[in-house]
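Tertiary structure, described
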Amino acid sequence: MAQSLVIVESPAKAKTIEKFLGAGYKVLASYGHVRALPSKQGSVDVARDFTPKYAVLAESKRHIEAIRKALKESDRLLLATDPDREGEAISWHLLAALGLDRGKAAIPVQRVVFHEITKQAIVHAVAHPREVSQDLVDAQQARSILDYLVGFTLSPYLWKKIRYGLSAGRVQSVALRLICEREKEIAGFVQQEYWTLGAQLTKDAGQEFAAGLVQLDGTKLDKFAIPDAAAAEALRQRFARADWRVAEVTRSEKRRYPAPPFTTSTLQQEAARKLGFSAKKTMATAQKLYEGVAIGAAGTVGLITYMRTDSVNLSSQALAEAQELILRQFGKDYALAKPRVFKNKAKNAQEAHEAIRPTDLTRTPAELKAFLPPDQFKLYELIWKRTVASQMKEALLDQTSVDIVATASTDSVPAAGAAAGGVFRATGSVMRFDGFMKLYIEGTDDEGEEKEGTLPPLNKDEALALRELLTEQHFTQPPPRYTEASLVKTLEEYGIGRPSTYASTLNTLIERKYAVLEKKRFVPQDIGMVVSDHLAQHFDRYVDYNFTAGLEEELDQVARGEKQWKQLLGEFWGPFKARLDQKMQEVAQGEATTEVTTELCPECNRPLAIKLGKRGKFIACTGFKEGCKYTRPLAKEGEAEAAEPVFSEEKCDKCGAAMLIKDGRYGKYLACSAYPACKNIQPLVKPKGTGVACPECKEGELTEKKSRYGKLFYSCNRYPKCKYAVWDPPVAEACPKCAHPVTVDKTTKRDGTYRKCPQEGCGWSTLPAKAEKPAPARTTGKKA
């Protein structure tokens, strides 16, 4: 029987697609990439016109053999890898690995592309195959080779000049520069004080509302017009006994429109804002929704369209589904007369695909909740709501602005044409029609955004009563550090990199310890600042935002067939290699990691220097090679220099010397002041006893301790002789099932506090038994 062999990237998709296609089709997975540039020097032969030396990945060999074996029983090969440049390149690499490139195939080889895993989309794609696009393959080759050339030449340079193990990347280093430049803005920010004067007013003892001073004696006030407390208090006293009258009422209609459907970038941003997901987690969760989830009688089906896209367009089918759903669920007042069309604002956007949307809008989040794990449900609900809301009517708000004149009896006669006294302004808005906001409102990165309230009905010349005048002190704020959402947004606005690679780029910055996330914001570390400053000083062109964005546009030109990929590589490599060779000779080793100060060493009188160590910057003597080992911590910005040693009241239990309170990697601890003769150290906070005997050694007591990450656990106080430990508070009560002498009190959000046995395999607990139900199928396939 004739058979068509279909190749996809993930095994999860393979099962679903084979079910859709039925008899006559066999579907196998490549398990992602099959060939790549080896991670070593010499994988690109620059001298031979940038010839790449691809190698089959070790983990891919058995998958290729399985495909080769299935080919012997097939009369057609369909390459159905992902519908982007990377997927196109995987198809091309697979043909090369199978020896079917350059027209060597004995059977027809075709490329099929689909953007959702539904039966209709799969059958349509198979019925309309095409050839592998060499332009798309070349664009992906050029990107891979560019990244290799930068990474495998600039990283070794950093090893020699700064420290071994560092890395640089074409997009990674630019993202790091954004983070570091923002930190410098914050450090250099000079706070400025300013004050505001507000009035709490009422109309006929009715609703109270607030108004703020915006004009004084005919002069409009800027932000810093009231510079200090004295000026604010003088104004407060001036208007304390003033007459208040409505001078002008302005009413207007404001229309608020919905955000477009999700692209890769906006999905990452909104999932970070609303769900607290990292970019990496968002993409991994979206991949599972795309590849397919078992939803009862319908079987396994892809729930969203392809999640790597720059497009904000929706198909005619999706628009029709949205219109029908909105009419049914919300009524005709919320439905549009004709579909809303969006334009992409991102630089270098590739709009060949659709936006990210549910494959079937009639599958509401409520219907799918029973089949989806929590993270998948949250992301699906976000995508479903955004898609539907994008085709709902705009919201209508009635906006009111009221200018109120306050005239004090002491006000002098102003100059001709000017108004005496002060003008206070109150603003408010009332939702007249909620439109799309009934379903979904886009998140924002702005913190502390003020919301307008409502105002009572007010008319011109109406008298008002003053309830209170309030002066308030303010200080200008530095720009905020980047969150994942705001950094992704900035990278996309500049046109730097591809949204599909942002997750791995941001993850690399964390893994390399160039930055850490504190309260979900990127804080650069000393090593990150040093690397970024060094690259900005010596390789300024290659970490320039506009240069990197321009390179993305050139890669797009290759994809469109407007430029040759090897020409692009040649134009980049020549100047880059010349700069690298020049800096390799000019820059001295350690130049970036040592900064000599004017301060002298208290032990040998040589100059002290700021040096970069594994744990950040510190002060050290320049006479280290001559035997002086003086060091001390470097005070951070705004901190005092390192203080004198702090003695505790405790004595060393080994030598009797006083114990010092010191700062270590995991917090404060006690150390013997007789160091290095005595190296005794103790925790600053002694472990708290539980009164429960250790069930393992029968001699010790279980005590409360903290892990290095701050999590509480309970372990035997005879450690390291006895290593028994549990995570939950122990109770001196034997397990009724296995007779283990200790049970624990477990607390979870879902079940509250209950008692259970800590012994693995026992399973006893005080929770009522629950009926077993089959877990929803979860896919594991992902792009390598």
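Residues numbered from 1 in each chain as written. Predicted model: local features only at pLDDT ≥ 70, side-chain atom pairs only at ≥ 80, totals over all residues. Heavy atoms only, no water.

**Brief notes about the overall build of the chain**
Per the secondary structure count, the chain includes 17 helices and 34 strands. Referenced to the eigenvectors of the C-alpha coordinate spread, the extents of the chain come out at roughly 100 × 85 × 75 Å. Residues classed as buried in the chain amount to 46% of the 784 residues present. Within the structure as shown, the chain displays about 41,600 Å² of accessible surface, and the carbon and sulfur contribution to it stands at 50%. (Helix = DSSP H or I, 4+ residues; strand = E, 2+ residues; numbered from the N terminus. Buried < 20%, exposed > 50% of the residue type's maximum accessible area, 1.4 Å probe, protein only. Areas by Shrake-Rupley, 256 points an atom, 1.4 Å probe, with all protein chains shown as cover.)

**Things to note about the side chain of S60**
Topologically, S60 is positioned in the loop between β6 (55–56) and α2 (61–71). Engagement of the side chain of S60 in a polar contact is seen with the backbone oxygen of H33, the distance being 3.0 Å. With residues near it in sequence (within four places) discarded, S60 still touches H33 and V34. (Polar contact = N/O pair within 3.5 Å; in protein donor to acceptor, adjacent residues only side chain to side chain. Contact = heavy atoms within 4.5 Å.)

**Thoughts on the sheet that holds strand β28 (residues 688–693)**
Hydrogen bonds between backbone atoms are what pair the strands of a sheet, whose relative direction is either parallel or antiparallel. Strand order across the open sheet formed by 4 strands is β28-β29-β30-β31, with antiparallel pairing between neighbours. Strand pairing shows two members of the sheet lacking a second neighbour, β28 and β31 (725–726), which therefore form its edges. Two elements, strand β30 (residues 712–716) and β31, share 2 bridges in a ladder whose sense is antiparallel. Bridge assignment links S715 to a residue of β31, and that residue is A725. (Pairing = 2+ DSSP bridges.)

**Quick notes on the packing of helix α5 (residues 134–161) against helix α16 (residues 545–559)**
Packing of α5 against α16 leaves a shortest axis separation of 7 Å and a crossing angle of 150 degrees. With respect to α16, the element α5 is oriented roughly antiparallel. Residues D135, L136, D138, A139, A142, R143 and L146 of α5 form the contact with α16, whose participating residues are L551, E552, L555, V558 and A559. Tallied by class, the residues present in the contact of α5 with α16 amount to 8 nonpolar, no polar and 4 charged. (Axes fitted to C-alpha atoms, helices over the stretch in contact; angles between N-to-C directions. Parallel < 35°, antiparallel > 145°, perpendicular 65-115°, else oblique. Nonpolar A, V, L, I, M, F, W, Y, C, P; charged D, E, K, R; others polar.)

**Topic: the confidence of the model for the chain**
Mean pLDDT over the chain: 88, with 91% of residues reaching 70 or higher. For the chain, per-element mean pLDDT is lowest for strand β25 (residues 658–664), which scores 80, and highest for helix α12 (residues 374–389), which scores 96. Counted against residues more than four places away or in other chains, residues 413–418, with its pLDDT under 50, gives 4 contacts. A low-confidence stretch, residues 771–784 (pLDDT under 50), is modelled with 29 contacts involving residues beyond four sequence positions or located in other chains. (pLDDT = per-residue confidence, 0-100.)

**Thoughts on the side chain of T282**
Within the secondary structure layout, T282 lies in helix α9 (residues 279–291). Beyond its immediate stretch of four places on either side in the chain, T282 contacts L267, Q268, A271, F277 and L379.

**Side note on the packing of aromatic side chains**
Counted by the stated rule, this structure contains 19 aromatic pairs. Ring plane angle 85 degrees and centroid distance 5.7 Å describe the contact between Y194 and F224, whose orientation is recorded as edge-to-face. Remark: F224 occurs in the loop between β11 (219–220) and α7 (229–239) and Y194 occurs in strand β9 (residues 193–202); sequence separation between them is 30 residues. Overall, the relative accessible area of 13% leaves Y194 in the buried class. A relative accessible area of 32% places F224 in the partly exposed class. When the ring of F713 is compared with that of W727, the centres are 6.0 Å apart and the planes differ by 70 degrees; the resulting orientation is edge-to-face. In this pair, F713 is assigned in strand β30 and W727 in the loop between β31 and β32 (730–731), connecting sequence segments 14 residues apart. Grouping aromatic residues by their ring pairs yields a cluster made of Y157, F539, Y542, F547, F572, W573 and F576. Directly above the aromatic system of Y440 lies the positively charged group of K274, at a separation of 5.2 Å from the ring centroid. (Phe/Tyr/Trp six-rings, centres within 6.5 Å; stacked < 30°, edge-to-face > 60°. Lys NZ or Arg CZ within 6 Å of the ring centre and 35° of its normal.)

**Looking at the sheet that holds strand β34 (residues 752–756)**
Taken together, 3 strands build an open sheet; the order of strands is β32-β33-β34 and the sheet is antiparallel. The open sheet is flanked by β32 and β34, the only strands paired with a single partner. The pairing of strand β33 (residues 743–748) with β34 spans 5 bridges and is classified as antiparallel. Paired with D745 across the bridge in β34 is R755.

**Brief notes about helix α4 (residues 119–127)**
Within α4, burial applies to A121, I122, A125 and V126. In an axial view of α4, the angular spread of the buried residues amounts to 125 degrees, which keeps them on one side of the axis. In α4, the exposed positions that point more than 90 degrees away from the buried face belong to Q120, H124 and A127. (Arc of directions from axis to C-beta.)

**As for helix α3 (residues 85–97)**
For α3, spanning 13 residues, the distance from its first C-alpha to its last is 18 Å, which sits close to the expected 18 Å at 1.5 Å a residue. Looking only at α3, the buried set comprises R85, G87, E88, A89, I90, S91, H93, L94, L95 and A97. Positioned one or two residues after α3, G99 has a phi angle of 75 degrees, which is positive. (Expected span 1.5 Å × (residues − 1).)

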